[in-house]
Every structure is written in structure tokens, then in C-alpha cells.
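Each chain, letter by letter, is given below.
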Amino acid sequence: MIKKGIFIFTLLSLQLTNQVIANQPLLLDVKVVGGAQSPLFEPQNFTLDAGQDYLLVITNSNNDSITFDFGNFGQQVFTRSINGTSSVTQQSLVINGNSKVQWHFSPQNKGEYTYYAINTGLNARGVPGKIVVNKLEEKSSITQNNDQENGIAPEKLTEKASAKKRNF
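Before going further, it helps to spend a moment on the overall build of the chain. The helix and strand tally for the chain stands at 3 helices and 11 strands. Seen in sequence order, the chain has helices and strands lined up from the N terminus as α-β-β-β-β-β-β-β-β-β-β-β-α-α. For the chain, contacts bridging at least 24 residues in sequence account for 70% of all contacts bridging at least 6. Of the roughly 10700 Å² of accessible surface on the chain, a fraction of 53% belongs to carbon and sulfur atoms.

In C-alpha cells:
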């Protein structure tokens, strides 16, 4: 009886651990590089998945403040928090000299977005970068076939998926 209880407790603990790990944001570690006349972010291109949480950490080791101008990308994400910036709008945020910014977000829509690093003092725009957001499949075709074989109607699956998205 005690062994059965320990076994069930262990299974529940593992399941809870997996859920906690699945909800952790993926780290995007970015650095400001380039000269004052042409700043840019390294890496320059990002591929993200819609619905996944990310923690974007931008480190600016330069003395100059740099603006991260992300255009309409900011309107296509669910922002959980932004820390370390002196200014933020729907299209940009400022990374002060010798500091870091942390942006915790989740992209909501598939698409391609162009962004720039801009030296705020000189208004000098660097080389454009690209953010690509891919849409994740809600369920694989194998899982959908298993659900249909088990008597779950496809309409119910669609209702569950849309309800899941609204609960961010």
C-alpha cells in the first residue's frame, strides 16, 4: 500500500514538474554591436513560435542609448512584462547605455517583421533585422485521428483549441 502511494506521488510530481518546465519562457540573449553610426543587434534574425513564451534580454555595453524599433511586431504579441527600459511605445523601446532590458512576451500571430537598432542621440539607423513567427500546430494528425477514433468530434477539438488560446 505504501509503495503504491509513493508510486502515485512520484508520477504526480513528474507531471507537475513537466508542466512547470513547459511554462518557462525561452531565453533570447541579444547584444548591441556595431558603431554609433550603424548599431545592430546580434543575432540579427529570430525565428519564433506563436504561443510560446520568450524572455528577450538585450545587453547594451556601449555608452550610447539604443532604440529597438520593432515596428508593428509589438502589436502582435502578448507582453507579460518589460524591465530595464527608460521608454517604451507600441513600436519601440530604449536600451540605455551600459544596461540590459528584459521583455517577457508571447507572439500571437504568424508573420515576418523588420526591426532596427537606432542610435537615439544621432538618430542613426543600423542594418535591419528580421523576426519570423511560425504558427504551431495545435495537435498532430496522429493525435487528431486518435481523438476521432475515440469519439471526439473535430468541432469539439476546434472549440477546445480556441478556448485554450483565449486563456493567456
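Let's pick the thread back up.
Our focus in this paragraph is the pairing of strand S3 (residues 45-49). Residues Phe46 and Leu48 of S3 are buried on one face, while the alternating residues Asn45, Thr47 and Asp49, pointing to the opposite face, are not. Judged from the 5 bridges that link them, S3 and strand S11 (residues 129-134) form a sheet pairing that is parallel. Bridging from a neighbouring strand, Phe46 pairs with Ile131 of S11.

Quick look at the packing of aromatic side chains now. All told, the structure shown has 12 aromatic pairs when counted by the stated rule. When the ring of Phe41 is compared with that of Phe68, the centres are 5.1 Å apart and the planes differ by 75 degrees; the resulting orientation is edge-to-face. One end of the pair, Phe41, is in strand S2 (residues 40-42); the other, Phe68, is in strand S5 (residues 66-69), with 27 residues separating them in the sequence. Judged by centre distance (5.3 Å) and plane angle (75 degrees), the rings of Phe68 and Tyr115 are edge-to-face. Of this pair, Phe68 sits in strand S5 while Tyr115 is found in strand S9 (residues 111-119), placing the two residues 47 residues apart along the sequence.

Along the polypeptide, Ser87 turns up in the loop between strand S6 (77-83) and strand S7 (92-95). Along the sequence, Ser87 and Thr67 sit 20 residues apart, while their C-alpha atoms lie 9.1 Å from each other. Once residues lying within four places of it in the same chain are set aside, the contact partners of Ser87 are Ser92, Leu93 and Val94.

Any two side chains of opposite charge can pair, given that their charged atoms come close. All told, the structure shown has 3 salt bridges when counted by the stated rule. Across the pair Arg80 and Asp53 runs a salt bridge whose closest N-O atoms are separated by 2.9 Å. Within this pair, whereas Arg80 is found in strand S6, its partner Asp53 is found in the loop between S3 and strand S4 (54-60), the two being separated by 27 residues in sequence. Of the charged contacts in the structure, one is a salt bridge between Glu112 and Lys130, with a shortest N-O distance of 3.4 Å. Residue Glu112 is located in strand S9, and its partner Lys130 is located in strand S11; the two are separated by 18 residues in the primary sequence. Judged by its relative accessible area of 36%, Lys130 falls in the partly exposed class.

A few words on unusual backbone geometry. A cis geometry characterises the amide bond from Glu42 onward to Pro43, with omega recorded as 0 degrees. With respect to the helices and strands, Pro43 occurs in the loop between S2 and S3. Despite not being glycine, Asn98 has its phi angle at roughly 55 degrees, a positive value. Take Asn98: it is sitting in the loop between S7 and strand S8 (99-107).

Cut-offs applied
- Just so you know, the residues in each chain are numbered from 1, in the order the chain's sequence is written.
- Only residues with pLDDT of at least 70 are given local features in this predicted model, and only at 80 or more are side-chain atom pairs given and counted; all residues enter the totals for whole chains, interfaces and linings.
- Processing note: side-chain calculations cover all non-hydrogen atoms of the structure and skip hydrogens and water entirely.
- A run of DSSP states H or I qualifies as a helix once it reaches four residues; a run of E qualifies as a strand once it reaches two. Both are numbered from the N-terminal end.
- Only heavy atoms matter for contacts: two residues are in contact if any of them lie within 4.5 Å across the pair.
- Shrake-Rupley sampling with a 1.4 Å probe provides the accessible areas, and residues are treated as covered by the protein chains on show and by no other component.
- Remark: exposure states derive from per-residue accessible area (1.4 Å probe, protein chains only) relative to the maximum for the residue type, with buried under 20%, exposed over 50%, and partly exposed in between.
- DSSP-based pairing: two strands are paired if at least 2 bridges between them are found.
- Note on aromatic contacts: the rings of Phe and Tyr and the six-membered ring of Trp form a pair at centre separations within 6.5 Å, being stacked when their planes are under 30 degrees apart, edge-to-face when over 60 apart, and tilted otherwise.
- In the sections that follow, a salt bridge refers to a side-chain nitrogen of Lys or Arg positioned within 4 Å of a carboxyl oxygen of Asp or Glu.

Worth remembering: the numbers are spatial, not functional.
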